[in-house]
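# Structural description and commentary
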Amino acid sequence: MNVKESIKNYILSELVSDKENSSLSETDQLIESGIIDSLGIMKLIGFLEDNLSVQIDDMELVPENFASIAAITSLVEKKLSD
Amino acid sequence: MQPWQDPEIDKIREKYYEFATENLLGDTEQRDKEGDFSIKRWKEVAEFGFLKLLMPENFGGAEVPVTHLVAAIEGLGEGSMDGGFNYAICNQLCGLQTTINIFGSDELKSRYLPDLMSGKSMAAYGFTEETSGSDAYSMEATAVEEGDAFRLSGTKCYITNAPYANLVLVFAKTSPTRSPFALTAFLVDMEWEGATHGREYDKMGLRTVRMGELIFDNVQVPKSHIVGVKGGGLRVLTESTLWERAILIATALGPMARGLKSCIERTKTRNQFEKPIGAFQQVSSKISNMIMRYKLSRQVIYDIASRIGNGSSLQPHAQDAAIAKIFVSDNFVKFELDAMQIYGVRGYLLESFAQQDLRDSLSFNIWAGTAETLRNTIAKLAGLPVE
Ligand SMILES: Cc1cc2nc3c(=O)[nH]c(=O)nc-3n(C[C@H](O)[C@H](O)[C@H](O)COP(=O)(O)OP(=O)(O)OC[C@H]3O[C@@H](n4cnc5c(N)ncnc54)[C@H](O)[C@@H]3O)c2cc1C
């Protein structure tokens, strides 16, 4: 499974509680729409650090990096290629 | 060997126990009655090295493993009766200094950690407001960016150490939304213009430390005093409360160890119906329960402490920290109810240790996440759609 799919699967299985969002697109706004709340963001960071072997620095904890599946994927891919 | 069976741990605990019995006993009952705090003792405990324990060596700390800190907290609590004081000094180390160590810039660390470690400075944790307790996002304190600084305004309530703290970790909204990135943490010097100490609160327990209000009226906070990053307040908040949930609860262990010794002795020596009261099964089963509560609480705390690195993130242990907090708090309260009951009327007197420890224990289900919201956290982390 590639990075984007892992992230999407994790969000859908662990963070989305209502079925309406099961067709989440990669540009859907996760924070603005409240799909990911405060506990969700902490869980997501834990998932990225444990399962995708990246360390999210405090400086990267900005809304732009977590706005959508596409944004999270590009953050992770950038860190993996560094 | 499990950490709670380690002779090294016993030695540290013993060292702090002896220090506490020699230096921290005495006027506690009076201060508990008056709701008074001892700055002199704070400096003595700091001089003994307690506030250095988890801190990095390159800033003058002792950088010991987290289990050693737990042992020190146990010893302090067992050797003294100063529940409020112990709560506050452990809170400064676990909740504040550790947070500055994890998230602060080198500039903040070198400027503030040495004085906090030596007892010259005292810090407070400024999160709660009248409108915001369990719900961080209903907070009204705001910090507006203006050039090289933020203009901070808001009133923080129910803050431990507020009446005399000179440094405060303040959480404020840097965005009006409920986004996870709406909060920012700042380190604020109470000497700065616009920062004042407000009213004080009289509380039922932890009376040997004072609690009050902190008011920030257009305080100019330099950007260099952001702890973490702008919008990263949630991570700072979560991390610091996780340390409190997992480690600050060790302040329950000393009173339980001390209470257990007294109660065992009492049930062997207090005679009624021509027998020691310990011969009655309803009394002896209280002691059995107390031993279980104490031993299991120790194991839960040492277990989590042995899995976390000094200065590392507790995020991966969020569920275990919530479980530990609920488990220990609940058992501490039940333990103290039994202790009081074993002493009968003497336990009900204001001169009894049992009533003081009971009053102190009741706060454990409130600070750093109430028993209810922590149960929500556990269920949410298990994937339940809890609101
Ligand atoms: C001894 C002590 C020291 C403290 N020191 C500090 C300090 O230094 N700094 C600081 O910032 N704060 C401090 N506090 C305040 C503490 O952080 C708050 O009390 C705590 O966050 C809870 O907020 P609240 O008391 O406003 O309760 P509320 O949030 O008003 O909750 C009231 C009740 O409703 C329940 N409840 C709320 N939301 C939910 C929900 N979603 N689901 C189920 N039940 C819910 C709660 O569990 C509680 O029983 C201290 C508190 C104590 C007791």
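Throughout what follows, the structure given in this document is the object of discussion.

Parameters at a glance
Residues numbered from 1 in each chain as written. Chains lettered and ligands numbered in written order. Predicted model: local features only at pLDDT ≥ 70, side-chain atom pairs only at ≥ 80, totals over all residues. Heavy atoms only, no water. Helix = DSSP H or I, 4+ residues; strand = E, 2+ residues; numbered from the N terminus. Rg over C-alpha atoms; globule rule 2.2 N^0.38 Å. Buried < 20%, exposed > 50% of the residue type's maximum accessible area, 1.4 Å probe, protein only. Contact = heavy atoms within 4.5 Å. Lys, Arg positive; Asp, Glu negative; His and termini not counted. Charge placed at Lys NZ, Arg CZ, Asp CG, Glu CD. Salt bridge = Lys/Arg side-chain N within 4 Å of Asp/Glu carboxyl O. Near = heavy atom within 4 Å. Polar contact = N/O pair within 3.5 Å; in protein donor to acceptor, adjacent residues only side chain to side chain. Areas by Shrake-Rupley, 256 points an atom, 1.4 Å probe, with all protein chains shown as cover. Nonpolar A, V, L, I, M, F, W, Y, C, P; charged D, E, K, R; others polar. Phe/Tyr/Trp six-rings, centres within 6.5 Å; stacked < 30°, edge-to-face > 60°.

### A short note on the overall build of chain B
If you tally the helices and strands in chain B, you get 13 helices and 10 strands. Taking 2.2 N^0.38 as the reference for a compact globule, 387 residues should give roughly 21 Å; the C-alpha atoms of chain B span a radius of gyration of 21 Å, in line with that estimate. Reported as C-alpha extents along the three principal axes, the dimensions of chain B are approximately 80 × 50 × 40 Å. Of all 387 residues assigned to chain B, the portion counted as buried reaches 59%. Residue pairs in contact within chain B that sit at least 24 positions apart in sequence constitute 76% of those at least 6 positions apart. Charged side chains of chain B number 41 positive and 49 negative; the gap between the two group centres comes to 5 Å.

### Describing the pattern of salt bridges
Residues and elements named next belong to chain B. Considering all chains together, one arrives at 30 salt bridges over all chains under this definition. Between Asp27 and Arg31 there is a salt bridge, with its nearest N and O atoms 3.4 Å apart. Residue Asp27 is classed as partly exposed on the basis of its relative accessible area, which comes to 36%. The class of Arg31 is buried, set by a relative accessible area of 4%. Salt-bridge contacts for Arg41 lead to Asp27; the nearest nitrogen and oxygen are separated by 2.7 Å. With a gap of 14 residues between them, Arg41 in helix α3 (residues 39–47) and Asp27 in the loop between α1 (7–23) and α2 (28–34) connect regions that are remote in the sequence. Here the residues in one salt-bridge network are Asp10, Arg13, Glu74, Glu78, Lys261 and Arg298, joined through shared partners.

### What about the site of the ligand?
Residues and elements named next belong to chain B. Not every one of the 18 residues close to the ligand is listed here, only the nearest: Tyr125, Thr128, Ser134, Thr370 and Glu372. Thr160 is positioned such that a nitrogen or oxygen atom in its side chain is 2.8 Å from a nitrogen atom of the ligand. For the ligand, whose free accessible area comes to 970 Å², the fraction covered by protein is 64%. When residues of the shell around the ligand are traced back to their parent elements, those giving at least two are β3 (149–160) and α13 (371–381). Looking at the shell around the ligand, its residues break down into 9 nonpolar, 8 polar and 1 charged.

### Describing the packing of aromatic side chains
All names here are of chain A. Within the structure shown, the criterion is met by 18 aromatic pairs over all chains. Centre to centre, the rings of Tyr10 and Phe47 are 4.0 Å apart; their planes meet at 10°, and the pair counts as stacked. Of this pair, Tyr10 sits in helix α1 (residues 3–15) while Phe47 is found in helix α2 (residues 38–51), placing the two residues 37 residues apart along the sequence. Residue classification places Tyr10 among the buried residues on the basis of a relative accessible area of 13%.

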